[in-house]
Amino acid sequence: VQLHRFARIRRQALTQLGLADRQLGDLAGLDAGFGRCLTSLWMAYQPIVLWSEHSVFAYEALLRSPEPTLPGPQAVLDAADRLDRVHELGRAIRRKVALDIPRFAEPAQIFVNLHPLDLLDDELISGHCPLTDHARRVVLEITERATLEGMSNIRQRIASLRALGYRIALDDLGAGYAGLTSFAHLEPDIVKVDRSLVQDIGSDRTKQKLLRSLAQLCGQLDMRVICEGIETSEERDTLLNLDCDLLQGYLFARPEPFPT
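This structure is a prediction, so every number in the text was calculated from the model and none was measured.

Trainee: What am I meant to see in the overall build of the protein here?
Mentor: A tally of regular secondary structure across the protein gives 10 helices and eight strands. For the protein, the residues scored as buried account for 44% of the 260 residues in total. Within the protein, contacts between residues separated by at least 24 positions form 70% of all contacts whose residues are at least 6 apart in sequence.

Trainee: How should I be thinking about the sheet that holds strand β4 (residues 138–143) in this particular structure?
Mentor: By way of backbone hydrogen bonds, the strands of a sheet pair with one another, either parallel or antiparallel. Read around the closed barrel, eight strands run β1-β2-β3-β4-β5-β6-β7-β8, paired in mixed fashion. For strand β1 (residues 42–50) and strand β2 (residues 55–64), the ladder comprises nine bridges, and the chain directions are antiparallel. Bridge pairing in β2 links Leu50 to Ser55.

Trainee: Hey, could you run me through the pairing of strand β3 (residues 109–114) in this one?
Mentor: Consecutive residues of a regular strand have side chains that alternate between opposite faces of the sheet. Within β3, five of the six residues are buried, which leaves it mostly tucked inside the rest of the structure. Looking at chain direction, β3 and β4 are connected through five bridges and run parallel. The partner of Ile110 across the bridge, within β4, is Val138.

Trainee: Is there a simple way to think about helix α4 (residues 86–100) in this case?
Mentor: Within an α-helix, residues lying three or four positions from one another point in the same direction, as the helix has 3.6 residues per turn. Between its first and last C-alpha, α4 extends 22 Å over 15 residues, near the 21 Å set by a 1.5 Å rise per residue. Listed in full, the buried residues belonging to α4 are Val86, Leu89, Gly90, Ala92, Ile93, Arg94, Val97, Ala98 and Asp100.

Trainee: I would appreciate a short explanation of unusual backbone geometry in the present structure.
Mentor: Glycine aside, the phi torsion of most residues is negative, and most peptide linkages are trans. The linkage connecting Glu106 with the following residue, Pro107, adopts the cis geometry, with an omega of 10°. Checked against the element boundaries, Pro107 lands in the loop between α4 and β3. In the Ramachandran plot, Glu187 falls in the positive-phi region, its phi being about 45° despite a non-glycine side chain. With respect to the element layout, Glu187 can be found in the loop between α7 (179–186) and β6 (190–193). On the accessibility criterion, Glu187 (48% relative accessible area) is partly exposed. Positive phi values are uncommon outside glycine, yet Asp243 reaches one of about 65°. In this structure, Asp243 sits in the loop between α10 (233–241) and β8 (246–247).

Trainee: How do you make sense of the nonpolar core when you look at a structure like this?
Mentor: Among soluble globular proteins, nonpolar side chains are generally buried collectively. Ranked by internal contacts, the top residues of the largest apolar core, which has 63 residues, are Phe34, Val97, Leu131, Leu211, Cys227 and Leu239. The element best represented in this core is α4, accounting for six residues. When sequence neighbours within four positions are dropped, the list of residues in contact with Leu239 reads Val198, Ile201, Leu211, Cys227, Ile230, Cys244 and Leu247.

Trainee: Explain the pattern of salt bridges to me, please; I cannot follow it from the model alone.
Mentor: For side chains of opposite charge, pairing can occur when their charged atoms come near one another. Evaluation of the coordinates by the stated rule reveals 17 salt bridges. Residues Glu67 and Arg36 are paired through a salt bridge, measuring 3.0 Å at the closest nitrogen-oxygen approach. Linking Glu67 in the loop between β2 and α3 (73–83) with Arg36 in helix α2 (residues 20–40), this pair joins segments that are 31 residues apart in sequence. By relative accessible area, which is 6% here, Glu67 ends up buried. Classification of Arg36 by relative accessible area gives partly exposed; the value is 39%. One salt bridge in this structure joins Lys192 and Glu141, with 3.1 Å as the shortest N-O distance. Of the two residues, Lys192 is situated in strand β6 and Glu141 in strand β4; the sequence distance between them amounts to 51 residues.

Trainee: What is the right way to look at the side chain of Thr238 in this model?
Mentor: Examined against the element boundaries, Thr238 turns out to sit in helix α10. Thr238 sits in the buried class, given a relative accessible area of 13%. In terms of polar contacts, Thr238 uses its side chain to reach the backbone carbonyl oxygen of Glu234, at 2.9 Å. Setting aside residues up to four positions removed in sequence, Thr238 forms contacts with Ile201, Gly202 and Gln208.

Trainee: What is the right way to look at the side chain of Glu228 in this model?
Mentor: Along the chain, the position of Glu228 falls in the loop between β7 (224–227) and α10. For Glu228, a relative accessible area of 10% translates into the label buried. Reaching out from Glu228, the side chain makes a polar contact with the side chain of Lys192 at a distance of 3.4 Å. If we skip the residues at most four places from it in the chain, Glu228 touches Glu60, Asp171, Asp172, Lys192, Val193, Asp194, Arg195, Val198 and Gln248.

What counts and how
Residues numbered from 1 in each chain as written. Predicted model: local features only at pLDDT ≥ 70, side-chain atom pairs only at ≥ 80, totals over all residues. Heavy atoms only, no water. Helix = DSSP H or I, 4+ residues; strand = E, 2+ residues; numbered from the N terminus. Buried < 20%, exposed > 50% of the residue type's maximum accessible area, 1.4 Å probe, protein only. Contact = heavy atoms within 4.5 Å. Pairing = 2+ DSSP bridges. Expected span 1.5 Å × (residues − 1). Core = buried A, V, L, I, M, F, W, Y, C linked by side-chain atoms within 4.5 Å. Salt bridge = Lys/Arg side-chain N within 4 Å of Asp/Glu carboxyl O. Polar contact = N/O pair within 3.5 Å; in protein donor to acceptor, adjacent residues only side chain to side chain.

Next comes the structure, spelled out in structure tokens:
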């Protein structure tokens, strides 16, 4: 009710200032640009390495689009949110990834990012999603940058995804909303530590203590830890000393259209 009142007051204010028509025009332009993005998007893949074995553990699928009005993945995601087209974007991404998966040599896993609202898309858990045939090779990454609070039946939906063969990862730990709440809702198989906790960790004792404690906690819960955003050998070596062996970042490879 409060949000509705706020929206009404905002519309009245825009009308009073003569900006209402401009906002509608901007929204129409955004919608057109988003439509072009959906038809041109493609996926880049960045490896996640298992350092102790010097092997590729998995690849993360990352959204890319040449649409000039939506520069970068975050702009695309923001547009989907604003236009209420999150499910449409998520389905387009999953179709693209499903086409690419057979080209990856087993046993490499493919990590696919989900907006929390994607968990409410019935197609994802219906068995009709294009990824379903590859579910046992897919890890669904759910970002911790957006809250899961207030979303109903999340535990049941996560259970349905696991029943199809998917595994669940909690992404961006340390960069968003309450991590313990996300742990409780998702009970993830894998936890991905955000770049903000990895950057300059070689000279930051507080970050080292946090990562060591996190790795120990996840080990006790039978969860694996992936550290992302690694750009220097010092960061890599420090993480290895903290018993973090799954690593991702520009130090190893940048995202590419398809790994060679």
